[in-house]
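As a plain string of letters, each chain reads:
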Amino acid sequence: MEPPTAEAVLQSVFTLYNNPNKQEKETASKWLEEFQKSIHSWEIADQLLQRKHDLNSCTFAAQTMRNKIQNSFHELPESAHESLRQSLLEHISHITLETKPVIVTQLSLALADLALLMSSWRKPVVTLLERFSGNPHMMYAVIELLTLIPEEINSRYLRLGANRRKDVLTELETDSSLVGDYLLMCLMNCNDNELLQMKILKCFTSWVNINAFNLSQIGDNMIIAYSFQLLTNINTKPEIHDAATDCLCGLLQCLEMNNNGDGLDVKLFNGILSLEEAYNASVAQEDLDKSMNLCRLFTVLVESNLVRMVAGSEAATPHYSIKALELVLICVGHYDFEVAEITFNMWYRLSEDLYQRNNEALTAHFKPYVERLIAALYKHCQMEADHEGLIEEGDSFKEFRFKVSEIIKDVIFIVSSISCFKQMFLILQSPNVTWESSEAALFIMENVARNILPAESEVVPKVVEAILNLPSNCHIAIRYTSINILGELCDWIDSNPETLEPILNFLLCALQQKNGLATAAANALQSICSACKKHMLGHISGLMEIARCLDGFEIQTESAIGLLKGISIIIGRLPPDQLTTAMQELCGFQVRALGQLTSGEDDGLGLKKDRHDPVFWVDRLASIYRHVNPTVADNDVNPCVFVIVSNWSVLSRAMECYKNDPKIMERIVRCIRYAIRCVGKQAMPILESLVKQIITIYSGHNHSCLLYLGSILVDEFACEPSCIEGLLSMLQAFIEPTFQVLQVENGLKNHPDMVDDFFRLVARFIQRSPFQLLQSPLVTPIIQCGLLACTLDHRDANLSVMRFFCSLLSYGRHDRANELRSIVHGILMQHGESLIMNLLYASVFCLHSYMLSDVADVFVEIKHLSPHQLEGYVQKAVDALPKKNSGGSITVTNEQMIEFVDNIVKSETPRAVTQALQEFARLFR
């Protein structure tokens with residue numbers, strides 16, 4: 001863009017905030033975005049801050065300065081860093097308590113980020129304190145700066161690198177006593193200004209969070225004592241209460257990582273235990289925010305002591321810190337379930353630790369606490385006495401009950417499922433028990449029912465009998481939860497088949513109900529079909545009758561599909577002739593409707609809108625194809641073949657009819673995928689027409705799901721010599737339209753699904769028919785595309801690219817055919833250097849840390865082929881990386897480069913290579 005003027009920027013800012021014309025606002029917004037990207041924005045933002053024209057222009061200028069430092073610091077030569085520093089310090093010096101917070105924050109962020117990036121600025125904290133600490137009017141600005149410097153150390157935008165970060169942290173540890181003294185001075189001189197008090201606490205916490213303070217020396221710190229004082233005082237304002245809680249939580253987490261508090265841990269522990277009274281006061285005053293804060297603090301107290309608590313409780317006497325669980329349980333008993341929810345992650349962590357140790361004596365110490373937890377959750381799960389109907393989807397109470405369900409499944413082993421089941425059954429038998437208490441007890445039972453041993457004969461039969469004999473006037477929620485329990489008891493039912501028929505009759509009756517019961521019954525039937533395959537064979541006629549009436553039931557779509565899954569599982573166990581007939585009938589309901597839709601004759605499908613959506617029928621058909629899974633001997637005809645081939649014409653017509661709609665196409669392709677997987681090579685009669693059709697459609701519409709379907713066809717048929725040529729032609733036909741999409745600007749980034757599906761297809765081809773593909777001229781452009789895709793930070797797409805390279809390189813190993821080995825070694829000679837160069841660049845600058853294990857697999861494959869070549873490639877790739885960051889500090893030393901190359905070459909496992917890549921990448925992040 002042309003070099004803009006300050007006046008032009010002011011005019012655009014004015015237009016953006018004040019002009020009522022939407023189009024002009026949008027034009028101004030786009031212009032300002034381009035301005036912020038330009039190199040001229042450094043100077044003009046500085047000018048606008050000096051002018052102080054109005055609030056909007058100052059805010060925009062401060063945001064621009066912060067944005068430039070975070071994202072475009074490399075634009076400035078090192079010689080300009082000092083003048084930028086002086087300019088920002090000057091702007092900061094004009095901040096007062098009246099300055100708008102957004103401007104303070106943006107300017108402070110800009111200066112904090114500059115302090116971290118600018119390696120030539122030694123001791124920035126000392127500079128700030130020397131320049132501003134004597135001025136009481138600067139207190140607010142200085143505290144804001146001192147808060148942000150530690151917070152920004154791990155900013156992903158700055159990419160400080162591990163070396164610079166380590167230097168900064170060491171410097172901040174040295175300066176921490178100065179900061180502590182300054183904050184104490186501010187606290188004593190802030191004249192009860194609540195904003196400053198809150199800022200002081202936040203600043204102290206930010207230094208605690210980076211472990212800058214020597215914990216053994218801050219046990220008597222006045223700010224810590226002040227935090228306790230604030231939490232004890234029932235009149236503390238909410239914002240300051242939050243800050244005090246954060247401060248103590250930060251200290252606890254710091255102690256958890258560094259057990260060197262020299263008594264601070266005991267002081268904090270006893271101090272927090274004494275806050276029980278403050279918690280009770282917050283409950284009495286119905287101050288939910290304070291209750292939640294204190295619950296959070298009690299929970300963090302347990303989490304920070306969890307390792308010591310569990311390890312120290314292996315003796316006969318539990319560790320002293322187990323007392324903190326009492327505080328957490330008091331909070332779980334709070335009248336609002338949101339408070340209890342805060343503790344859930346802690347209970348999960350405790351259960352994980354106990355499960356891993358597998359020590360009954362140790363677990364017994366925690367059993368009483370978990371029993372009380374479940375008792376409290378049972379109460380929280382009770383509906384209101386006047387609630388009618390079921391809990392609605394999206395209701396926060398339903399979401400809470402889902403979380404309760406998860407946490408009970410995590411901790412139940414500590415108290416045993418049957419013990420919990422019996423306890424809840426006792427509640428059901430209590431005299432004058434209310435319906436909401438009964439339903440909550442049933443809900444808890446539902447969540448442990450799956451774990452009950454099939455041999456249990458004392459309580460479960462009574463529960464099942466009570467459910468089957470529920471009075472007709474019982475609350476619908478009780479009936480709903482009871483139906484769910486039957487589904488969860490599916491394994492017990494399988495071992496007690498005498499209960500099956502009455503249960504099926506009960507569920508069939510429920511299927512005909514409304515208000516959600518039919519959906520619950522469908523889900524329960526699916527579970528029973530999956531678990532009781534042998535016993536359900538005798539009920540196949542009843543299941544087929546249910547399938548015929550399926551559209552007459554008020555069942556949610558997903559549950560209907562699940563019910564078809566259950567029926568299909570049973571059909572898959574029928575003798576071949578019966579299987580074909582039953583499957584044809586079950587598919588027929590869906591195929592006929594789909595046929596009517598594709599031919600435009602859908603008047604007979606009813607008034608419901610979803611019945612006129614092809615996805616409704618295609619998903620049902622896919623469920624059948626996926627789960628009718630007969631056992632077929634090698635040379636026998638699969639009884640599903642007749643059905644799948646007969647129905648092919650309808651699916652083919654659907655593909656043609658809906659080829660313009662990517663979502664519908666994805667579901668049709670998914671259905672065809674399950675059909676092919678169901679019968680494997682016996683789908684040969686439809687192969688040729690299917691391949692021709694997907695090639696034609698892909699050339700005009702580029703649906704990546706067709707590439708995925710191609711990979712399924714390769715997986716099933718590429719081992720058949722007669723099919724290889726046709727499949728290779730299919731791949732060739734896919735390549736041109738795929739590359740046309742991916743080669744445009746940002747093509748790879750904007751189409752990760754296409755990258756994923758294309759490289760999955762190619763990898764499958766290499767695995768099934770390597771010789772034919774590696775000898776073809778297609779392999780070179782595919783590799784070149786793969787080299788470009790190495791930097792794509794999309795997990796699935798990148799994984800497919802890495803698997804492609806691994807599959808390719810694996811054929812160069814010594815145990816492979818000589819001809820293949822020579823081809824792969826030739827490919828490595830031609831592309832190996834570029835591959836390692838791109839992989840290392842991607843690992844350092846583009847990919848998330850968790851993706852590097854996939855990259856490591858490629859390194860290992862190359863090492864198997866030629867360790868010497870790998871060393872040379874890695875050395876060249878390391879040499880090509882920048883040695884300094886945008887702030888002028890050393891990113892990677894010579895010694896670190898040598899060590900990294902050595903680690904890569906010597907690593908014997910993908911895990912070791914992954915670790916080496918992750919540690920090296922941290923130097924640049």
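Since the model is a prediction, treat every value here as computed from it, not as a measurement.

Visitor: Can you break down the overall build of the protein residue by residue, with the values?
Guide: The secondary structure content of the protein amounts to 47 helices and zero strands. Judged by the C-alpha coordinates and their principal axes, the protein covers about 95 × 80 × 65 Å. Looking at the protein residue by residue over its 925 residues, the buried ones come to 55%. Taking all contacts inside the protein whose residues are at least 6 apart in sequence as the whole, residues at least 24 apart take part in 74%. When the accessible area of the protein is evaluated, it comes to approximately 41200 Å², of which 49% is carbon and sulfur surface. In the protein, which carries 77 positive and 110 negative side-chain charges, the distance between the mean positions of the two groups comes to 3 Å.

Visitor: I'd like a rundown of the UniProt feature "domain: Importin N-terminal" (unreviewed entry) in the protein, residues and numbers included.
Guide: Mapped onto this structure's residue numbering, the UniProt feature "domain: Importin N-terminal" (unreviewed entry) falls at residues 28-94. Note that residues 28-94 is 75% helix and 0% strand, and that its end C-alpha atoms are spaced 29 Å apart.

Visitor: Explain the pattern of salt bridges to me, and be specific about the residues and the numbers.
Guide: Under the counting rule described, the total for this entry stands at 41 salt bridges. The shortest N-O distance in the salt bridge between Asp220 and Lys267 comes to 2.7 Å. Residue Asp220 is located in the loop between α10 (194-209) and α11 (222-232), and its partner Lys267 is located in helix α13 (residues 264-273); the two are separated by 47 residues in the primary sequence. Residue Lys403 pairs with Glu341 through a salt bridge whose shortest N-O separation is 2.5 Å. Of this pair, Lys403 sits in helix α20 (residues 396-415) while Glu341 sits in helix α17 (residues 337-342), placing them 62 residues apart in sequence. A residue is classified by how much of its surface remains accessible, and Lys403, at 37% relative accessible area, is partly exposed. On the basis of relative accessible area, Glu341 is assigned to the partly exposed category, the value being 24%. One connected set of salt bridges, linked through shared partners, spans Arg677, Asp715, Glu716 and Arg768.

Visitor: Outline unusual backbone geometry, listing residues and values.
Guide: The phi angle at Asn358 is positive, at roughly 50°, despite the residue not being glycine. The phi torsion at Ser416 lies on the positive side, around 85°, for a residue other than glycine. In this structure, Ser416 sits in the loop between α20 and α21 (417-428). On the basis of relative accessibility, which here comes to 28%, the residue Ser416 falls in the partly exposed class.

Visitor: So what about helix α15 (residues 288-311)? Which residues, and what values?
Guide: The terminal C-alpha atoms of α15 lie 34 Å apart, and with 24 residues this matches the ideal 34 Å at 1.5 Å per residue to within 8%. The largest bend along α15 measures about 60° and falls at Asn305. The element α15 is extensively covered by neighbouring structure, given that 17 of its 24 residues are classed as buried.

How each quantity is defined
Residues numbered from 1 in each chain as written. Predicted model: local features only at pLDDT ≥ 70, side-chain atom pairs only at ≥ 80, totals over all residues. Heavy atoms only, no water. Helix = DSSP H or I, 4+ residues; strand = E, 2+ residues; numbered from the N terminus. Buried < 20%, exposed > 50% of the residue type's maximum accessible area, 1.4 Å probe, protein only. Contact = heavy atoms within 4.5 Å. Areas by Shrake-Rupley, 256 points an atom, 1.4 Å probe, with all protein chains shown as cover. Lys, Arg positive; Asp, Glu negative; His and termini not counted. Charge placed at Lys NZ, Arg CZ, Asp CG, Glu CD. UniProt positions renumbered as here; feature names shortened; annotations may be inferred. Salt bridge = Lys/Arg side-chain N within 4 Å of Asp/Glu carboxyl O. Expected span 1.5 Å × (residues − 1). Bend = angle between axes of the 7 residues up to and from the residue.

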